[in-house]
Amino acid sequence: CNRPASVCRKPPMYAYRKSMPRANKVLEDKWVKHCQQLHRRKLREMKSYVDTTAPATTRLVHLSQNLKRQQLDEERYVQIERENYLLLDKMSYIMTHPQLLDEKYMGVS
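Residues numbered from 1 in each chain as written. Predicted model: local features only at pLDDT ≥ 70, side-chain atom pairs only at ≥ 80, totals over all residues. Heavy atoms only, no water.

**Student:** Outline the overall build of the protein, supporting the account with residue identities and numerical values.
**Tutor:** Helix and strand counts for the protein come out as 4 helices and 0 strands. Reading the protein from its N end, one meets helices and strands in the order α-α-α-α. Taken across its 109 residues, the protein has 7% of its residues classed as buried. About 10,600 Å² of surface is accessible on the protein, with carbon and sulfur atoms providing 58% of the total. (Helix = DSSP H or I, 4+ residues; strand = E, 2+ residues; numbered from the N terminus. Buried < 20%, exposed > 50% of the residue type's maximum accessible area, 1.4 Å probe, protein only. Areas by Shrake-Rupley, 256 points an atom, 1.4 Å probe, with all protein chains shown as cover.)

This is how it looks when you write it as structure tokens:
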């Protein structure tokens, strides 16, 4: 309402409105209806103040990719591959030379 608070009364949903004096019932009801329509229009045209867009930093690739982590993972995978190769080499040696190992560990000379 653009009128002063003493003139612009609350909508009829408030109980105290009945006890307030008014000069003309028709004009008062018309004014209350006008205030309600104005309020509804303001609610319809209201805009959000909350920014829900994605932050600008999500488009920066160097912030989304952890290059140091990738490097450490790659070094770890290389180390695992190397150890796997050594184990496979030892296992293939055991499979191709079983008698030498048996005699060595059984105490047979």
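There is more to say, and it comes next.
**Student:** I'd like to hear about the pattern of salt bridges, residue by residue, with values.
**Tutor:** Applying the stated criterion across every chain, the model contains 1 salt bridge. With its nearest N and O atoms 3.7 Å apart, the salt bridge here joins Asp-73 to Arg-69. Placement of both Asp-73 and Arg-69 in helix H3 (residues 67–96) is noted, with a separation of 4 residues, approximately one turn of the helix. Among the residues examined, Asp-73 registers a relative accessible area of 22% and is labelled partly exposed. Looking at Arg-69, the relative accessible area reads 44%, which means it is partly exposed. (Salt bridge = Lys/Arg side-chain N within 4 Å of Asp/Glu carboxyl O.)

**Student:** Provide a residue-level description of helix H1 (residues 25–44), including the pertinent values.
**Tutor:** For H1, spanning 20 residues, the distance from its first C-alpha to its last is 29 Å, which sits close to the expected 28 Å at 1.5 Å a residue. Inspection of H1 places Glu-28, Trp-31, Val-32, Cys-35 and Leu-38 among the buried residues, and these make up the whole buried set. The arc that holds the buried residues of H1, viewed along the axis, is 120°, so those residues lie on one side. In H1, the exposed residues that point more than 90 degrees away from the buried face are Lys-25, Val-26, Lys-30, Lys-33 and Arg-44. In this structure Asn-24 caps H1, since a side-chain oxygen of it lies 3.1 Å from the backbone nitrogen of Val-26. (Expected span 1.5 Å × (residues − 1). Arc of directions from axis to C-beta. Polar contact = N/O pair within 3.5 Å; in protein donor to acceptor, adjacent residues only side chain to side chain.)

**Student:** Now, about a positive patch on the surface: what can you tell me, with residues and values included?
**Tutor:** A contiguous patch of positive charge on the surface is contributed by Arg-40, Arg-41, Lys-42 and Arg-44. Here Arg-44 lies in helix H1. Judged by relative accessible area, Arg-44 falls into the exposed class, the value being 64%. (Patch = residues over 30% accessible without salt bridge, like charges linked within 9 Å, V, L, I, M, F, W, Y side chains within 5 Å. Lys, Arg positive; Asp, Glu negative; His and termini not counted. Charge placed at Lys NZ, Arg CZ, Asp CG, Glu CD.)

**Student:** Explain the confidence of the model for the protein to me, using residue names and the numbers behind them.
**Tutor:** This prediction gives the protein a mean pLDDT of 81; 72% of its residues lie at or above 70. Per-residue pLDDT, averaged within each element of the protein, yields its smallest value for helix H4 (residues 98–106) (64) and its largest for H3 (94). (pLDDT = per-residue confidence, 0-100.)

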